[in-house]
Amino acid sequence: MTASLREMRWWDIDPVLELEKALFPEDAWSRGMFWSELAHARGPGATRRYVVAEDGGRLVGYAGLAASGDLADVQTIAVARDQWGTGLGSRLLTELLRAATDFDCAEVMLECRVDNIRAQKLYERFGFEAIGFRRGYYQPGNIDALVMRLTDPSTSVQGTEIHG
């Protein structure tokens, strides 16, 4: 079965937190962080786009983007381990880049753990380039972040249907 993507809603927070804690046990986001992000994802002044992926009624991924002026920032992308290699990460990233284009952002930035080679390869396939490091960015593990940038996200957007 192929996962379907749709807009994240408040009732998705509990299953998102379960996946968040399974994938990022040391530096998982809190319930409050997700609530805060979703508060900025609806209405005429929305500055966020969050989506979830479901497969057979089970939440198997999520992603979020924040926009400010002409700059967007990938806040998070997560894919359940049993979905790795299915293309779901690419589909989620495509949706975030589409959102960046909709927000009229000329650049997209992100931070990625220096030890997460799988994610770095995904971002590179979409045209992101490493531009620096943030020392000790991921706490409490004190893991460095690789800072990556994509200029003109509209050139990386491929066809993915989202239901909201």
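Going by the structure above, here's the rest.
Chemist: Tell me about the layout of surface pockets, residues and numbers included.
Modeler: Any empty space left between atoms is shown by rolling a water-sized probe over those atoms. Approximately 1,000 Å³ is the volume attributed to the largest pocket. Along its surface, the largest pocket is lined by 37 residues, and Phe 24, Ile 77, Asn 116, Ala 119 and Tyr 123 are the ones closest to its centre. Only helix H1 (13-23), strand E4 (71-79), helix H3 (88-102), strand E5 (107-113), helix H4 (117-125) and strand E6 (129-138) provide two or more residues apiece to the lining of the largest pocket. When residues in the lining of the largest pocket are grouped by element, the largest group, seven residues, is from E4.

Chemist: Describe the packing of H1 against helix H2 (residues 31-39), and please don't skip the residues or the numbers.
Modeler: To characterise two packed helices, one gives the angle between the axes of the helices and the distance between these axes. Where H1 contacts H2, the two axes come as close as 10 Å, and the packing angle between them is 130 degrees. It follows from the interaxial angle that H1 and H2 lie oblique. In this structure, the crossing between H1 and H2 has a hand that is right-handed. Taking contact as the criterion, the partners of Ile 13, Asp 14, Val 16, Leu 17 and Glu 20 in H1 are, on H2, Arg 31, Phe 34, Trp 35 and Leu 38. Partitioning the contact of H1 with H2 into residue classes produces six nonpolar, no polar and three charged.

Chemist: Which residues make up a nonpolar patch on the surface, and what are the values?
Modeler: A cluster of nonpolar residues, Trp 10, Trp 11 and Trp 35, forms a patch on the protein surface that exposes about 390 Å² of accessible area. Within the secondary structure, Trp 10 is located in the loop between strand E1 (4-7) and H1.

Chemist: Tell me about the packing of aromatic side chains, residues and numbers included.
Modeler: Taken as a whole, this structure holds six aromatic pairs when the rule is applied. Aromatic side chains Trp 10 and Trp 11 sit 5.5 Å apart centroid to centroid with 80 degrees between the ring planes, which places their arrangement in the edge-to-face category. In this structure Trp 10 comes out as exposed when scored by relative accessible area, which is 52%. Each residue in the set Trp 10, Trp 11 and Trp 35 is aromatic and connected to the rest through ring pairs, giving one cluster. Of note, Arg 113 hangs over the ring of Tyr 138, and the distance from its end group to the ring centre comes to 5.8 Å. Lying over the aromatic face of Phe 133, Arg 135 brings its terminal NZ or CZ to 5.1 Å of the ring centre.

Chemist: Could you give me a rundown of the sheet that holds E5, with the residues and numbers involved?
Modeler: Overall, mixed pairing links the seven strands, which are arranged E1-E2-E3-E4-E5-E7-E6 in an open sheet. The strands lining the two open edges of the sheet, one partner per strand, are E1 and E6. Within the sheet, the average angular offset between the axes of one strand and its neighbour, ignoring direction, is 25 degrees. Bridge count between strand E2 (residues 48-55) and strand E3 (residues 58-68): eight bridges; the pairing is antiparallel. Across the sheet, Val 52 pairs through a bridge with Tyr 62, a residue of E3. Here H4 sits on the sheet and contacts E4, E5 and strand E7 (143-151); the angle it forms with E5, its principal contact strand, is near 165 degrees.

Criteria and thresholds
- Residues numbered from 1 in each chain as written.
- Predicted model: local features only at pLDDT ≥ 70, side-chain atom pairs only at ≥ 80, totals over all residues.
- Heavy atoms only, no water.
- 1 Å grid on protein atoms, 1.4 Å probe; cavity = no way out; pocket = protein on both sides within 12 Å on 5 of 7 lines; lining within 4 Å.
- Points joined across faces, edges and corners; volume = space filled by probe spheres on them.
- Helix = DSSP H or I, 4+ residues; strand = E, 2+ residues; numbered from the N terminus.
- Axes fitted to C-alpha atoms, helices over the stretch in contact; angles between N-to-C directions.
- Parallel < 35°, antiparallel > 145°, perpendicular 65-115°, else oblique.
- Left-handed = near helix turned anticlockwise from the far one by under 90°.
- Contact = heavy atoms within 4.5 Å.
- Nonpolar A, V, L, I, M, F, W, Y, C, P; charged D, E, K, R; others polar.
- Patch = residues over 30% accessible without salt bridge, like charges linked within 9 Å, V, L, I, M, F, W, Y side chains within 5 Å.
- Areas by Shrake-Rupley, 256 points an atom, 1.4 Å probe, with all protein chains shown as cover.
- Salt bridge = Lys/Arg side-chain N within 4 Å of Asp/Glu carboxyl O.
- Phe/Tyr/Trp six-rings, centres within 6.5 Å; stacked < 30°, edge-to-face > 60°.
- Buried < 20%, exposed > 50% of the residue type's maximum accessible area, 1.4 Å probe, protein only.
- Lys NZ or Arg CZ within 6 Å of the ring centre and 35° of its normal.
- Pairing = 2+ DSSP bridges.

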